[in-house]
Amino acid sequence: MTHTLVSDSSALPSSPAQGGLADSADPTVTAPGRLVVLTGPSGVGKGTLLGRLRARHPDLYLSTSATTRQPRAGEVHGQHYYFVTRDEFEAMIQTGELLEWAEFAGNYYGTPKHPVAVQIERGNQVILEIELEGARQVAASFPEALKIFIAPPSAAELERRIRDRGQDDAAAIARRLERARAELAAADEFDLKIINDDLEAAIAALEAALLD
Ligand code: ADP
Ligand code: 5GP
């Protein structure tokens, strides 16, 4: 299933931002809001943590990414992701609509720039839940961004969570586990590392980082 971005203009502005973040790839330009990058290996619990935090704090603004991956059961276009074709995604790259993008486990993922720019210009905090390559791009362009890494209690527990989630086929799980090794090795690049062992403790740590 795919969707066009332009037909869903109420959910996602299709034109690149004018001014603000659109021009601030220059790292000397500081924006009034705050960018927060949340990274960690697939299956570590990023979505779970953010979902629980958002239930408590509905005003938290989470960027909605575009991806060429197929929707999982229950995923909603415009809510979990903007599900697009590879051609549509490549057009977004060409027209400069993405703040960052990367290929992960055989699919493209990227952050639409315009909605983020609007929130930052309003002085709001924006959370980007993205993988390592994208996190590095954001860190290079916006050194003031807060970078949080979510780590699993162990590699074995990470594998158990990915498998038990039951959302990916064997090949996708293998690709995700391979990528997880590189992501775990990069944890020290981040400002804050939260180990998602006890869920409530991890939520409390994230809440403190984002809301205190
Ligand atoms: P991600 O968004 O990082 O890919 P998910 O949020 O989908 O990960 O979580 C992967 C699986 O791990 C889900 O089945 C989720 O219920 C489970 N999970 C998340 N956090 C914990 C935790 N602290 N303890 C045990 N299981 C967890
Ligand atoms: P999933 O397919 O499990 O939803 O996501 C796979 C990986 O892509 C996760 O690590 C997730 O954080 C990352 N991801 C999601 N959206 C984006 C994005 O816009 N940009 C980048 N670089 N990674 C993303």
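Residues numbered from 1 in each chain as written. Chains lettered and ligands numbered in written order. Predicted model: local features only at pLDDT ≥ 70, side-chain atom pairs only at ≥ 80, totals over all residues. Heavy atoms only, no water.

Draft legend 1. Region of interest: the sheet that holds strand S9 (residues 192-195). Taken in spatial order, the 5 strands of this open sheet run S2-S7-S1-S8-S9, and their pairing is parallel. Two strands bound the open sheet, and with one partner strand each, they are strand S2 (61-62) and S9. Inspection of the sheet shows strand S8 (residues 146-151) paired to S9 by 4 bridges, in the parallel sense. Within S9, the residue paired with Ile150 across the bridge is Ile194. Seen against the sheet, helix H4 (residues 132-141) touches strand S1 (34-39), strand S7 (125-129) and S8 and runs at an angle of roughly 155° to S1. (Pairing = 2+ DSSP bridges. Helix = DSSP H or I, 4+ residues; strand = E, 2+ residues; numbered from the N terminus. Contact = heavy atoms within 4.5 Å. Axes fitted to C-alpha atoms, helices over the stretch in contact; angles between N-to-C directions.)

Draft legend 2. Layout of the pairing of S8. Taken across its 6 residues, S8 has 6 buried, putting it largely inside the fold. The alternating pattern of S8 places Leu146, Ile148 and Ile150 and Lys147, Phe149 and Ala151 on opposite faces, both of which are buried. For S1 and S8, the ladder comprises 4 bridges, and the chain directions are parallel. Paired with Leu38 across the two strands is Ile148, which belongs to S8. (Buried < 20%, exposed > 50% of the residue type's maximum accessible area, 1.4 Å probe, protein only.)

Draft legend 3. A look at the packing of helix H5 (residues 155-165) against helix H6 (residues 170-185). The contact between H5 and H6 brings their axes to 11 Å, and the two run at 155°. Between H5 and H6, the angle falls in the class roughly antiparallel. Crossing of H5 against H6: the hand is right-handed. Touching Leu158, Glu159, Ile162, Arg163 and Arg165 of H5 are Ile173, Arg176, Leu177 and Ala180, all from H6. Here the residues of the contact of H5 with H6 are counted per class, giving 5 nonpolar, no polar and 4 charged. (Parallel < 35°, antiparallel > 145°, perpendicular 65-115°, else oblique. Left-handed = near helix turned anticlockwise from the far one by under 90°. Nonpolar A, V, L, I, M, F, W, Y, C, P; charged D, E, K, R; others polar.)

Draft legend 4. Highlighting the site of ligand 2. Lining the immediate surroundings of ligand 2 are 16 residues, of which Ser65, Arg69, Tyr81, Tyr109 and Glu129 lie closest. With respect to ligand 2, the side chain of Arg72 contributes an N or O atom lying 2.9 Å from an oxygen atom. In this structure, Glu129 approaches ligand 2 through a side-chain N or O atom, which is 2.4 Å from an oxygen atom. Coverage of ligand 2 by the protein chains reaches 96% of its 510 Å² of free accessible surface. When residues of the shell around ligand 2 are traced back to their parent elements, those giving at least two are strand S5 (98-104) and strand S6 (107-112). The residue inventory of the shell around ligand 2, partitioned by class, reads 5 nonpolar, 4 polar and 7 charged. (Near = heavy atom within 4 Å. Polar contact = N/O pair within 3.5 Å; in protein donor to acceptor, adjacent residues only side chain to side chain. Areas by Shrake-Rupley, 256 points an atom, 1.4 Å probe, with all protein chains shown as cover.)

Draft legend 5. Up close: the environment of Arg34. Relative to the helices and strands, Arg34 is located in strand S1. By relative accessible area, Arg34 is classed as partly exposed at 30%. Taking C-alpha positions, Arg34 is 6.5 Å from Asn124, a pair spaced 90 residues apart along the chain. Leaving out residues up to four positions away in the same chain, Arg34 has contacts with Ile120, Asn124, Gln125, Val126, Leu146, Ala209 and Leu210.

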